[in-house]
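Structural features, examined
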Amino acid sequence: MKFLRGVVLAASMVIVAGACAAGSGGGGGDTPMPPGMDEGVPPRDNMFTRTAALALSQAMQNADPGERQSRYEEALQAALDGIANDPGNPQSFRQAGEAYVGLNDLAGADSMWTRAEDLYPLYSFDLDPLREQQWVNQYNLAVNQIQAGDMEGAIPQLESAHTIYNGRPEAMLNLGSLHAQLGNDGDAVEWYRIALELLRGPEFDAQPEDVQATWSENEEIAAFNLAQILANAGRNEEAEVAYRTYLERSPDNVTALSNLAVVLMSMDRNEEAAEIYQALLARTDLDARDYYVTGIGLYNAENYSMAAQAFGRSYELIPESRDALYNYAQALYLAGELDELYPAAVSLAEMDPYNNNVYRLLAQGLMAQGDTAEAARVLEEEMATLEFEIDGTMLQPFGGGGGVVRGELVNHSLAEGGSVDIRVFFFGVDGLEIGTQDVSVPVPAAEMREVFEVEMDTDQDVVAYRYEVISPEP
């Protein structure tokens, strides 16, 4: 599931026979009592429950919206009269909840069904599927609103879904994501914490293996998003707790360790952060993505020498990674390791020949080699004569597979109105090419920028990319 970057429709649930309102009868009376469950007060029929059952049946069979609402209102009144006459009868509470569902009042339905389950715990076996079906309906309505761009309008639908059923994490996770995107950090923190309570709770063990795998992935995303929001808000102590809590379950997670180190540095606990980074670089089980994440953390900590080590190892594992090579060269320059910069900058200029910063790095490497004349030629002839520049390219991977590369075309001397065709190559964690996508970028006015993006839709993890300009030819 790609919450934060998208949402998915929830599959409709199959309702078991006998769970619908019209056929409720005694409801759950044939379900064997699990060991240790309180028997409670068995449901019983009376004139009020029979009237409510008839009205519910008529409502479900009536195609006219106005008539259907009238029947649900009759059923609700009969159920409420039954509660007033016999407040210990769980069946009237159940019927009132079913009537509230028909009247689109899920908060009322939840209140009535909760009371019915309190009185007669066996009802939960019948009501859980009914609750989940309403969750599905509300969740999918919210998805439609999100896909239409109405994030604020989706929030009440997701809250309604959570009210009626809280055994699935998707509504909670999307509430956290939507509030974060809308800048409601306090609400985002609250919903991510609610989601993590479920994802880490006893319900996890009751899920099938494929659902457990999804929940584990969602736990990581929720924990990281929660910690990031807390860190951005300056609540570093809480962010530290969020990362350490996650690491208790996944102690080797590289991203969590690297992010924790960043938080520790924000609290001036640099020695603890350095120990984490040194331990990461000493490991032999990291892949290219792990080294890259570690490099980002070290770079942000201004430990450029160690950042260069991490980016360099990522580049060694995926030599096609433009970002790993660029950051490797940049970190070498900032670390003052100019002898190592020169060969890296040469390779970078071959891979990314339309970027002014690349030529500046190459010139710095040449000067460190004592070749000032060649450095001047690179700046005056190669960089200064670029007709256009490809700037700010960056990969954003998607959770669950795929990703998008964004960048900007800067026009220096091309004729306005034409286009530049770019091909982007996407690579997986094993360094193998996943596929390519082309984009035609309109040429803006002189010295103006045109933003572009290229998306790879795949279920494989995208961790690296490079690009080529295919027209106009260099």
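Residues numbered from 1 in each chain as written. Predicted model: local features only at pLDDT ≥ 70, side-chain atom pairs only at ≥ 80, totals over all residues. Heavy atoms only, no water.

1. Describing the overall build of the protein chain
- Looking only at helices and strands, the protein chain has 18 helices and six strands in total.
- Rg of the C-alpha trace for the protein chain: 30 Å, well past the compact-globule value of 23 Å for 474 residues, more than 25% over.
- Taking the principal axes of the C-alpha coordinates as reference, the protein chain spans close to 100 × 55 × 35 Å.
- Taking all 474 residues of the protein chain together, the buried fraction comes to 47%. (Helix = DSSP H or I, 4+ residues; strand = E, 2+ residues; numbered from the N terminus. Rg over C-alpha atoms; globule rule 2.2 N^0.38 Å. Buried < 20%, exposed > 50% of the residue type's maximum accessible area, 1.4 Å probe, protein only.)

2. A short note on helix H7 (residues 170-181)
- Compared with an ideal rise of 1.5 Å per residue, which puts twelve residues at 16 Å, H7 spans 16 Å between its outermost C-alpha atoms and is within 8% of the ideal.
- Across the twelve residues of H7, ten count as buried, placing the element largely inside the fold.
- Taken as a whole, H7 has its buried residues at Glu170, Ala171, Met172, Leu173, Asn174, Leu175, Gly176, Ser177, Leu178 and His179.
- After H7 finishes, the residue Gly183 shows a positive phi value of roughly 85 degrees. (Expected span 1.5 Å × (residues − 1).)

3. Considering the sheet that holds strand S6 (residues 464-471)
- Strand order across the open sheet formed by three strands is S4-S3-S6, with antiparallel pairing between neighbours. Of all strands in the sheet, those with a lone pairing partner are strand S4 (433-442) and S6, marking the two edges. Across the sheet, the mean angle from the axis of one strand to that of its neighbour is 25 degrees, orientation sign disregarded.
- Taken together, the seven bridges between strand S3 (residues 419-427) and S6 define a ladder with antiparallel strand orientation. By the bridge assignment, Phe425 is partnered in S6 with Arg466. (Pairing = 2+ DSSP bridges. Axes fitted to C-alpha atoms, helices over the stretch in contact; angles between N-to-C directions.)

4. Observations concerning the nonpolar core
- Counting 129 residues, the largest nonpolar core has Trp135, Phe388, Ile390, Val420, Ile422, Val424 and Val469 as the members making the most contacts within it.
- The element contributing the most residues to this core is helix H5 (residues 123-147), with nine residues.
- Counting residues in hydrophobic clusters, the runner-up holds six residues, among them Ile318, Phe425, Val463 and Ala464. (Core = buried A, V, L, I, M, F, W, Y, C linked by side-chain atoms within 4.5 Å.)

5. Details of the packing of H5 against helix H6 (residues 151-164)
- As a packed pair, H5 and H6 sit with axes 8 Å apart at the nearest point and diverge in direction by 170 degrees. In this view, H5 runs roughly antiparallel relative to H6, as classed from their interaxial angle. Facing H5, whose interface residues are Arg131, Gln134, Trp135, Gln138, Tyr139, Leu141, Ala142, Gln145 and Ile146, H6 presents Gly153, Ala154, Gln157, Leu158, Ser160, Ala161, His162, Thr163 and Ile164.
- A per-class count over the contact of H5 with H6 returns nine nonpolar, eight polar and one charged. (Parallel < 35°, antiparallel > 145°, perpendicular 65-115°, else oblique. Contact = heavy atoms within 4.5 Å. Nonpolar A, V, L, I, M, F, W, Y, C, P; charged D, E, K, R; others polar.)

6. Focus on the pattern of salt bridges
- Evaluation of the coordinates by the stated rule reveals 30 salt bridges.
- Its salt-bridge partner being Arg71, residue Glu67 comes within 2.7 Å of it at the nearest N-O pair. One end of the pair, Glu67, and the other, Arg71, are both in helix H2 (residues 65-85), four residues apart, so they sit about a helical turn from each other.
- Overall, Glu67 belongs to the partly exposed group, its relative accessible area being 36%.
- Between Arg244 and Glu272 there is a salt bridge, with the nearest N and O atoms lying 4.0 Å from each other. Separated by 28 residues along the polypeptide, Arg244 in helix H10 (residues 236-249) and Glu272 in helix H12 (residues 270-282) bring together distant segments of the chain.
- Look at Arg244 and you get partly exposed, because its relative accessible area is 35%. (Salt bridge = Lys/Arg side-chain N within 4 Å of Asp/Glu carboxyl O.)

7. Description of the environment of Tyr354
- With respect to the helices and strands, Tyr354 occurs in the loop between helix H16 (338-351) and helix H17 (356-368).
- Taking relative accessible area as the criterion, Tyr354 reaches 10% and is therefore assigned buried.
- For Tyr354 and Val136, which are 218 residues apart along the polypeptide, the C-alpha to C-alpha distance reads 49 Å.

8. A closer look at the environment of Ile390
- If you trace the backbone, Ile390 turns up in strand S1 (residues 388-397).
- In this structure Ile390 comes out as buried when scored by relative accessible area, which is 1%.
- Considering only alpha carbons, one finds Ile390 and Asp352, 38 residues apart in sequence, at a separation of 8.5 Å.
- Residue contacts for Ile390: discarding those within four places in its chain leaves Tyr354, Asn355, Glu408, Leu409, Ile422, Phe452, Tyr467 and Val469.

9. Quick notes on the sheet that holds strand S2 (residues 403-411)
- Ordered in space as S1-S2-S5, the three strands form an open sheet in which the pairing is antiparallel. Strand pairing shows two members of the sheet lacking a second neighbour, S1 and strand S5 (449-456), which therefore form its edges. Neighbour-to-neighbour, the strand axes of the sheet open up by a mean angle of 20 degrees, direction not taken into account.
- Relative to S2, S1 runs antiparallel, the two being bridged by eight bridges. Bridging across to S2, Gln396 finds its partner in Val404.

10. Remarks on the packing of aromatic side chains
- Under the criterion given, the structure shown has eight aromatic pairs.
- Measuring from ring centre to ring centre gives 6.5 Å for Phe204 and Trp215, while their planes differ by 50 degrees; the resulting arrangement is tilted. Of this pair, Phe204 sits in the loop between helix H8 (185-199) and helix H9 (209-232) while Trp215 sits in helix H9, and the two are eleven residues apart along the sequence. As far as the burial class goes, Phe204 and Trp215 line up, both buried. (Phe/Tyr/Trp six-rings, centres within 6.5 Å; stacked < 30°, edge-to-face > 60°.)

11. Notes on the confidence of the model for the protein chain
- Mean pLDDT over the protein chain stands at 89; residues scoring 70 or higher make up 92%.
- The low-confidence segment residues 1-30 (pLDDT under 50) makes 83 contacts with residues lying over four places distant or belonging to another chain. (pLDDT = per-residue confidence, 0-100.)

12. Some details on H17
- The first and last C-alpha atoms of H17 sit 19 Å apart over 13 residues, in line with the 18 Å expected at 1.5 Å per residue.
- Buried residues of H17: Asn356, Val358, Tyr359, Leu361, Leu362, Ala363, Gly365 and Leu366, and no others.
- Tucked inside the fold, the buried residues of H17 contact helix H15 (322-335), H16, helix H18 (372-383) and S1.
- The distance from a side-chain oxygen at the start of H17 to the backbone nitrogen of Asn357 is 2.8 Å, and the residue carrying that oxygen is Asn355.
- One or two residues past the end of H17 sits Gly370, with phi positive at roughly 85 degrees. (Polar contact = N/O pair within 3.5 Å; in protein donor to acceptor, adjacent residues only side chain to side chain.)

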